Amino acid sequence: MKGLGVVGLAVISPCAFSLATGDNKPLPRVRLKLSDYQTFHSTCAMECLHCNLTAYVYQGELMKIEANQDFNVKCCLRGMSRTKWVYHQQRVKTPLLRVGEKGEGKFKPISWDDALNLIEKNIRETIEKHGNKGMLISTHAGNMDSIKNDMGKAFFDYLGGSTKQAGSLCCSAVTAAMMPMVGLRYADMRDTLSQSRYILCWGNNPAVTMQAYFKEYLAAQKNGARIVVIDPRFNETAAKADEWIPIVPGTDTALALGMIKIIMDERLYDADFLRGHTGATYLVSPQQQQLREDASDANSYLVYDTLSKRTVRHDLPDIIPALTMDELPPNAGYTTVFELIRAESAQWDLSKVEAETDIPTGTILRLAREYASNKPSMIVQNMSGAQRTEFGTYVAASQFYLALLTGNMGNAGGGVCDAGGAKQMMNFNAPVPPAPNVQKIPPIPVSKVGDWIVNDRPHPINFWWIMTMGVLTQLPNTNMVKKALKKVPFVVVADNLMSSTTLYADLVLPVTTIFEDLSLMAGVRSHYVQLMEKAVEPQGEAKPDYWIFARLAERFGFGEVFNQPIEHYIDACLKGTGITRERLSKGPIKPVEFPWIPFKDGIFRTPTKKAHFFIEEWQKKNFAPIVTYMQVNESPKGSPELAKKYPLMAVQRKLARSIHSSHGMNEWILEVQRNQPNVLIHPEDAASRHIKNGEWAIAFNHRGEHRAIAVVTRQIKKGVVCLDNGWWEQQGGSSSHVTNDLVEVLGTGHCCNSTLVDVRAEG
Ligand SMILES: Nc1nc2c(c(=O)[nH]1)N[C@H]1C(S)=C(S)[C@@H](COP(=O)(O)OP(=O)(O)OC[C@H]3O[C@@H](n4cnc5c(=O)[nH]c(N)nc54)[C@H](O)[C@@H]3O)O[C@H]1N2
Ligand SMILES: Nc1nc2c(c(=O)[nH]1)N[C@H]1C(S)=C(S)[C@@H](COP(=O)(O)OP(=O)(O)OC[C@H]3O[C@@H](n4cnc5c(=O)[nH]c(N)nc54)[C@H](O)[C@@H]3O)O[C@H]1N2
Ligand code: SF4
Ligand SMILES: [Mo]
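Criteria and cut-off values
- Residues numbered from 1 in each chain as written.
- Chains lettered and ligands numbered in written order.
- Predicted model: local features only at pLDDT ≥ 70, side-chain atom pairs only at ≥ 80, totals over all residues.
- Heavy atoms only, no water.
- Phe/Tyr/Trp six-rings, centres within 6.5 Å; stacked < 30°, edge-to-face > 60°.
- Helix = DSSP H or I, 4+ residues; strand = E, 2+ residues; numbered from the N terminus.
- Buried < 20%, exposed > 50% of the residue type's maximum accessible area, 1.4 Å probe, protein only.
- Lys NZ or Arg CZ within 6 Å of the ring centre and 35° of its normal.
- Domains from an automatic or database assignment.
- Contact = heavy atoms within 4.5 Å.
- Buried area = accessible area lost by both parts, 1.4 Å probe.
- Salt bridge = Lys/Arg side-chain N within 4 Å of Asp/Glu carboxyl O.
- Polar contact = N/O pair within 3.5 Å; in protein donor to acceptor, adjacent residues only side chain to side chain.
- Nonpolar A, V, L, I, M, F, W, Y, C, P; charged D, E, K, R; others polar.

*Asks:* I'd like a description of the packing of aromatic side chains, backed by residues and values.
*Replies:* Taken as a whole and assessed by the stated rule, the structure comprises 27 aromatic pairs. Arranged with centres 5.5 Å apart and planes meeting at 35°, the rings of Y158 and F558 form a pair that is tilted. Placement of Y158 in helix α5 (residues 148-158) and of F558 in the loop between α18 (545-555) and α19 (559-562) is noted, with a sequence separation of 400 residues between them. Just as Y158 is buried, F558 falls in that class too. Measuring from ring centre to ring centre gives 4.9 Å for F214 and Y217, while their planes differ by 25°; the resulting arrangement is stacked. Of this pair, F214 and Y217 both sit in helix α8 (residues 214-222), three residues apart, which is roughly one turn of the helix. Judged by its relative accessible area of 0%, Y217 falls in the buried class. Among the aromatic residues, ring-to-ring pairing joins F155, F156, Y158, F463, W465, F490, F549, F556, F558 and F562 into one connected group. Positioned above the aromatic ring of F594, the side-chain terminus of K590 is 4.8 Å from the ring centre.

*Asks:* Can you break down the domain arrangement of the protein residue by residue, with the values?
*Replies:* When its domains are assigned, the protein resolves into domain 1 (4-86), domain 2 (96-169 + 430-512 + 540-576), domain 3 (188-419 + 605-620) and domain 4 (640-761). Listed as interface residues are nine residues of domain 1 and, on the opposing side, eight residues of domain 3. Summing both partners gives a buried area of about 660 Å² for domain 1 against domain 3, and 55% of it is carried by carbon and sulfur. Of all residues in domain 1, the largest losses of buried area upon contact with domain 3 belong to L49, N72 and V73, amounting jointly to 64% of the total for that side. Seen at the junction of domain 1 and domain 3, the total is zero salt bridges. Our enumeration of links across domain 1 and domain 3 arrives at three residue pairs in polar contact (both at pLDDT 80 or more). Partitioning the side of domain 1 that touches domain 3 into residue classes produces five nonpolar, one polar and three charged.

Given below as structure tokens:
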């Protein structure tokens, strides 16, 4: 790829760049100097790391993309290949109206005026016949800028409201763990990773999924840190790590509780940190209620002061709150949160943990000791695969338990490395003010979008607006999603490519890619605030999503809210931050001083400023308020009958070739990366099924089938297969054809890694 990115005096050959022009006309053979290019900056805006990119433009054509030389990371294959996204053969260039059956992908071009008329008519009819609830808006991560998704949701709110998706396909479980525990979602530790002495990549694969910043992991390793990977498969990070610990999918909480037991038994916890900065000292009644001084004050938790020998408010100065049972008075009639954690973990002796996770007892013991004693140690969570499971909230929370118990929080090189960005560092505003009079409409849990639409739950959907989301490849249970797309009478898909989802649209709207419009990124994946500059004219009649909402708003009588110049909305987002467009035009801005250390010095974002272990929100949902291990239902132990038919546990993996389905059909990437999906399978599982390495196989279950080339390898646990995320329907279909569409109960999340399948050889 680097060879194609021509810098300075290199010759641009017609061959190399004939593909880069909009209409595939070869450019004349010219010798360009760096000064011949105009340069523009933007950010790589899909759900990745939002690296700052420089576009090199010559005579109105985008010639190449590189990382901004002044930015702190290099550009990856996908970032550079964005040139081919702009000039993609599958670019949508005009509005397209369906003429064939849904799924056939037959469309005719229509004008923007006709498209907008049609949308207006369908919105009016839907509201009249079904009420606002008859409209559904789906947005996700195709473009995470500060404007477009927000504008979309606001537009439907200004109409009076619509049905929305609840939860997220990505990491609702992390949110459900973090918000009540530490008061903030997103705690990105990338700035101090290199200072860590022990890095536990738990159910994730940063060598691929945090690729731009993986250099920080390697720097830590060079400084003497140990990197350990817990994953059912030997992932790309394991290949660089010091140790790989294979685990049975869905059993991570059992491992965490086993580690906690060792940390408790061997007194490896940080009692001072727990007393000073956490709710581990809060008192709990035998009825499992946290005690409060004043029932009307949620923050008036009681602790037992070992100095004055009285129960007092936790935030009274000059107290030393009791942590353990032996510090409480005899027959106190209450216990501490810390003791509840001890009781929960007590049952998880080494042999029981081994029986559940299939990790040898000696490894568990060593892991717990190493993690607790090599400070600062960091757990990498990065919205892990481990939490995209049935009780993923407990998985995510258990990792915070470990970090808090060992005092590994708020310090450089420690903590739990989640995703995160500028949005956590400073308050940015929404581009438009909140709509007045929005109806309360019950949402659809995102994993259930297919199923619920098909079954008219909670009400029939008549009009579906899809933007920045690969509904067909990314929602679980593709066959159900197809049925839903067929059932909804009017489906609008705004996309820049003829994605898999567009095949099922009634109307496809051509939208701009980055470098074709002006926007702002102050998001949750980069620590920098970035201006997204327009570098080239849009292909065909493509328009920014915000242009579409402006035209529609005009038709519905609130045009002035949405039809101001884009600069107005960028300024609105930035208002009060001290950051201006003018400053941003000079380059990305750090909103605060680096390094960024979430919860620095043990100050959390909860109302008490302490971290909490006992979570009343879970209790209200009839779940244990203390992290507990629960058997995943769709697993051999959870569903023995189903497992007779589908005995293999299927987990998902993200690939270097794509971000989900984005880039999945990028010609440059297809040239240098594999262009067929794989299924990883253990030699013994393959042999009993007559599956041969390198040959086509089919993963299947009661939901559907996914075809992939078998990779027969010991780099995956026996009994587990691993499927690739993000293949297009036009490439044979994604792994979501088989994934579980159960809703993760505590976080309304996605359980794609709690899936049973069997695999057969093709033919
Ligand atoms: N190149 C690339 N980078 C990306 C993305 C991408 O699509 N491509 N997507 C971005 C997004 S949106 C996200 S959320 C992050 C996700 O980042 P990661 O969490 O690192 O990504 P995944 O590949 O989904 O999952 C990582 C690992 O989880 C393992 N796993 C699955 N189930 C379990 C389990 O029950 N227990 C344990 N311990 N491990 C399990 C899988 O085998 C897999 O190797 O990556 C981001 N970065
Ligand atoms: N089977 C399986 N399913 C998964 C996962 C998995 O590992 N396996 N991972 C899950 C996770 S972690 C996540 S985050 C989700 C991600 O799921 P999605 O956010 O749906 O990700 P993409 O597949 O990248 O789809 C984004 C779409 O937005 C389009 N797009 C890009 N820019 C724009 C724009 O400016 N405007 C509009 N209107 N459209 C634009 C892209 O072309 C693309 O079609 O997938 C989840 N689903
Ligand atoms: S794909 Fe991710 S790592 Fe690559 S340039 Fe874009 S944001 Fe950076
Ligand atoms: Mo994600």
